[in-house]
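What the coordinates show
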Amino acid sequence: MQREEVAAWLQLLQASGVGGDTARRLLAAFGLPQQVLAQSTASLRQVVSARQAAALQACSPETEALIEATWQWLQQSTAGMQRRLLVLGSPDYPQSLLNMADPPVLLYAMGQVECWLAQEQPCIAVVGSRNPTPQGQSNAHQFCKGLAAAGWVVVSGMALGVDSAAHEGAVQAVAGDASTAKSKAVNAAKAAMAANTPAAMATGIATIAVVGTGLDRVYPKQNRDLAHRIAQHGVLLSEQPLGTPPLPHHFPQRNRIIAGLSHGVLVVEAALQSGSLITARLAIEQGREVFAIPGSIHAPQAKGCHALIRQGAKLVETAQDILEELTSLPRTQALAHTAALPLVPPVPAAPSLAVARCTAEQASLLEALGFDPVGLDALAARTGWSAALLQAQLLELELEGLVASLPGGLFQRMAQS
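Because the structure is a prediction, the values reported are computed rather than measured. (Residues numbered from 1 in each chain as written. Predicted model: local features only at pLDDT ≥ 70, side-chain atom pairs only at ≥ 80, totals over all residues. Heavy atoms only, no water.)

This part takes up the packing of aromatic side chains. Here the distance between the centres and the angle between the planes together describe a pair of aromatic rings. In the structure shown here, the tally under the stated rule is 2 aromatic pairs. Pairing Trp 73 with Tyr 108 gives two aromatic rings, centres 6.1 Å apart and planes at 65 degrees, and the pair type is edge-to-face. Here the residue Trp 73 occupies a position in helix H6 (residues 61-75), and Tyr 108 occupies one in strand S2 (residues 106-111), the gap between them amounting to 35 residues. Judged on exposure class, the residue Trp 73 and its partner Tyr 108 are both buried. Relative to Phe 251, the ring of Tyr 219 lies with its centre 5.9 Å away and its plane at 45 degrees, an arrangement referred to as tilted. Of the two residues, Tyr 219 sits in the loop between strand S5 (207-210) and helix H12 (224-233) while Phe 251 sits in helix H13 (residues 250-261), which places them 32 residues apart along the sequence. (Phe/Tyr/Trp six-rings, centres within 6.5 Å; stacked < 30°, edge-to-face > 60°. Helix = DSSP H or I, 4+ residues; strand = E, 2+ residues; numbered from the N terminus. Buried < 20%, exposed > 50% of the residue type's maximum accessible area, 1.4 Å probe, protein only.)

Set out below in structure tokens:
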């Protein structure tokens, strides 16, 4: 894309009073942005108001600065880390977004963009609470690790909590942990050289983070390292111009893109007023499948998932449940190549090494805990143990990763795979 094209797209979208709907009407009426901006006031007035027409014919200093910043940002693209603008109507625009009622007119993309656009991997959205339980965080990580290992791209919003765990799990499936990432990268590069293919193309991407800010900033700041790993093994995507701060109304807007990119949406944990339910509703409106992981009837973070299940969402307990459901749907061009993807092998129901090492007392305490959050008083009533003994045993189990402490003095047993 030449600088003049970049300037025309940004001038169209930054004109005062011209939003996505108006921009799409102008493009439909006149063609490319350069042609829109070349129209007379009388021609523009057939589509927009006088105020909007005047705004289209004047480029503000703020827009000029954005054009220059965006052009410089695009020039920093490299073979290993691409920066692109994806515009509505271009051949490389994500086809799945065209089925939306309001597809974004322009998307900023950064990371393994060429690989993403070339591979056409199927996508699954994973969303949930920003304050998940330890079990919810573990579920998001493990589900997404399995889904990414099976060739699916995990799409989420890079928020704290479930989103971050989802991205982490997907990246780990492709890159491994820190001790194995280097050797995997070398092996992938060797395989790619043998096939005369770019290294990223040989493995596909792991995840897409759809964010509510400009791509020149990271929100929340705690996810700076995660954003870097996503760019190495996936794509960061935004419809917000560079420099855009984390404004509240941008996050519901990005949720429609998360749903639009995906063949299905998995809700891990969500309260009844959670934004994750907005994503699920948008997915249903777009004809996507919705999946939900059930939780404790006492956990606020499970209420939203239970509501979705009552409304027809598929209850799932493993990543395999999702893969079997999606690959059994009527074949579309986008899903056709999933027939060749490996399914995640079921995990045998065997006790973990940590559980096997438990003393008889600890095994008895785990049984008394169940899987719902519970306080010391209730545990004392169930076991007949003193508070001191309970605290000592709970600490040992927490160190083994078998129990998590929750706010409010509660404890929860962790499921072991």
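So much for the structure itself; the text now carries on.
What follows deals with the confidence of the model for the protein chain. With 86% of its residues at a pLDDT of at least 70, the protein chain reaches an overall mean of 88. Low pLDDT (under 50) marks residues 195-199, which in the prediction has 5 contacts with non-local residues, meaning those over four places away or in another chain. The model gives residues 330-351 a pLDDT under 50, and that stretch makes 28 contacts with residues more than four places away or in other chains. (pLDDT = per-residue confidence, 0-100. Contact = heavy atoms within 4.5 Å.)

What follows deals with the pattern of salt bridges. Under the definition given, this model contains 10 salt bridges. Residue Glu 168 is joined to Arg 229 by a salt bridge in which the shortest nitrogen-to-oxygen separation is 2.4 Å. One end of the pair, Glu 168, is in helix H9 (residues 162-175); the other, Arg 229, is in helix H12, with 61 residues separating them in the sequence. In this structure, Lys 314 and Glu 289 form a salt bridge, with 2.9 Å as the shortest nitrogen-oxygen distance. Placement of the pair is Lys 314 in strand S9 (residues 314-315) and Glu 289 in strand S8 (residues 289-292), with a sequence separation of 25 residues. A residue is classified by how much of its surface remains accessible, and Lys 314, at 31% relative accessible area, is partly exposed. Within this structure, Arg 84, Asp 92 and Glu 114 form a network of salt bridges that share partners. (Salt bridge = Lys/Arg side-chain N within 4 Å of Asp/Glu carboxyl O.)

Within the secondary structure, Thr 22 sits in helix H2 (residues 20-30). By relative accessible area, Thr 22 is classed as buried at 9%.

Moving on, we come to the sheet that holds strand S10 (residues 374-375). The sheet built from 3 strands is open, its strands ordered S10-S12-S11 with antiparallel pairing. At either end of the open sheet lies a strand with only one pairing partner, and these are S10 and strand S11 (403-406). Of the pairings in the sheet, the one linking S11 to strand S12 (residues 410-413) comprises 4 bridges and is antiparallel in character. Pairing of Leu 406 across the sheet is with Leu 410, part of S12. Where helix H18 (residues 360-369) meets the sheet, its contacts fall on S10, S11 and S12, and the angle it forms with S12 comes to roughly 105 degrees. (Pairing = 2+ DSSP bridges. Axes fitted to C-alpha atoms, helices over the stretch in contact; angles between N-to-C directions.)

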